[in-house]
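Residues per chain are reported as follows:
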Amino acid sequence: MPTPTAVTVRAAAKINLHLGVGAPRDDGFHPLTTVYQAVGLCDDVTAHPADDLSVDIAGADWVDADAIPTDSGNLAHRAGVLLGDHHGRELGARLVVEKSIPVAGGLAGGSADAAAALVALDRLHDLGTSDTDLLRIAARLGSDVPFALLGGTALGTGRGEVVEPVADVGTWWWVMVPSLEGLSTPAVYRHFDQLFPDASPTPPDAEALLGALRTGQPVSLARALRNDLQEPAIDLRPELGRLIEHGESEGALRGIVSGSGPTVVFLCESADHARDLAGALMRTGSPVVLVANGAVAGSHVVPAHV
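Residues numbered from 1 in each chain as written. Predicted model: local features only at pLDDT ≥ 70, side-chain atom pairs only at ≥ 80, totals over all residues. Heavy atoms only, no water.

Notes on helix H6 (residues 207-215)
Of all the residues in H6, the buried ones are Leu209, Leu210, Ala212 and Leu213. Taken end-on, H6 shows its buried residues confined to a sector of 160°, consistent with a single buried face. Seen from the open side of H6, the exposed residues pointing more than 90 degrees away from its buried face are Glu207, Ala208 and Arg214. In the core, the buried residues of H6 are packed alongside strand E1 (7-21), strand E2 (32-48), strand E5 (153-157), strand E7 (172-177) and helix H7 (218-224). Where H6 terminates, the next one or two residues include Gly216, which has phi positive at roughly 70°. (Buried < 20%, exposed > 50% of the residue type's maximum accessible area, 1.4 Å probe, protein only. Helix = DSSP H or I, 4+ residues; strand = E, 2+ residues; numbered from the N terminus. Arc of directions from axis to C-beta. Contact = heavy atoms within 4.5 Å.)

Structure, rendered in structure tokens:
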């Protein structure tokens, strides 16, 4: 039997173009109607042959890779355990995660790593796991993991884990401003409940956003962006609101908090417009400003690093 070689899988960050939140269910989870988009800011996960399962993290200083656990608290590690359980065996591998997606930024970086780990381990061990089973395992890992497998643009329902692709004819350009300080997703949801104690159990639908995607027009999409977690996130971190106002004053079509924050994303008309806005934000004090387009592919194998 040939010796398995390392497998590298790339998974993209996600932003929520629409995030409608309902009142918490009896199980404590909030029902969601969301539209995800995968954008060109990616982590790479490389699975190297090894006897035991382990995780190593690397990344730029601003990514805050040191804050990521490398034990069973890491989603990529848990992905390996669940995939092994599914096949009735332990899966050994050294998972090396090269991060470009900020930690605790509302961009689902941990979910991207978990999705990439599922694909990398499946290929490394030649398991032949079906797409249906991969998605089922992904849903056990977290609400955003199934989308990280699929990529593109998709509608998410339930807790966000039930995903289906949607029509998206545009190429969208985003400027992304991560924060050097994370923001707890559970804390933002708790604050949502405090601010909106009478929230409907049915989250707002995404019809306006889906219609805007079908036009391919950035101005139409800008008008339709929605995030029900933006108000609680800004209430907890008022500087996010000031950043949105500043970016829009510099020419962004629209600024919005990504997911539960604290990353703020700005929609632009074109690649040139995005680069101009990024330059303006950097000149006025934002330490890290990123430009990315969407939609891009979900978790996929790429040539291993030499």
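From this point, the discussion proceeds with the structure in view.
Some details on the pattern of salt bridges
For the coordinates displayed, the defined rule picks out ten salt bridges. For Asp228, the salt bridge is made with Arg226, and the minimal N-O distance between the two is 2.8 Å. For Asp228, a relative accessible area of 13% translates into the label buried. For Arg226, a relative accessible area of 36% puts it in the partly exposed group. One salt bridge in this structure joins Arg275 and Asp272, with 2.6 Å as the shortest N-O distance. One end of the pair is Arg275 and the other is Asp272, both in helix H10 (residues 271-283) and three residues apart, which spans about a single turn. Taking relative accessible area as the criterion, Arg275 reaches 49% and is therefore assigned partly exposed. (Salt bridge = Lys/Arg side-chain N within 4 Å of Asp/Glu carboxyl O.)

Let's talk about the environment of Met176
Here Met176 shows up in strand E7. What makes Met176 buried here is its relative accessible area of 1%. As for Met176 and Ala208, which are separated by 32 residues in sequence, their C-alpha atoms are 23 Å apart. In this structure Met176 touches Ile15, Val39, Leu41, Leu107, Thr263, Val264, Val265, Val288, Val289, Leu290 and Ala292, once residues within four positions along its chain are discounted.

A few points about the packing of aromatic side chains
Inspection of the entire model under this criterion finds two aromatic pairs. With a centroid separation of 4.7 Å and 15° between ring planes, the pair formed by Tyr36 and Phe147 is classed as stacked. Of this pair, Tyr36 sits in strand E2 while Phe147 sits in helix H4 (residues 145-150), placing them 111 residues apart in sequence. Using a relative accessible area of 1% as the deciding quantity, one classes Tyr36 as buried. Residue classification places Phe147 among the buried residues on the basis of a relative accessible area of 2%. (Phe/Tyr/Trp six-rings, centres within 6.5 Å; stacked < 30°, edge-to-face > 60°.)

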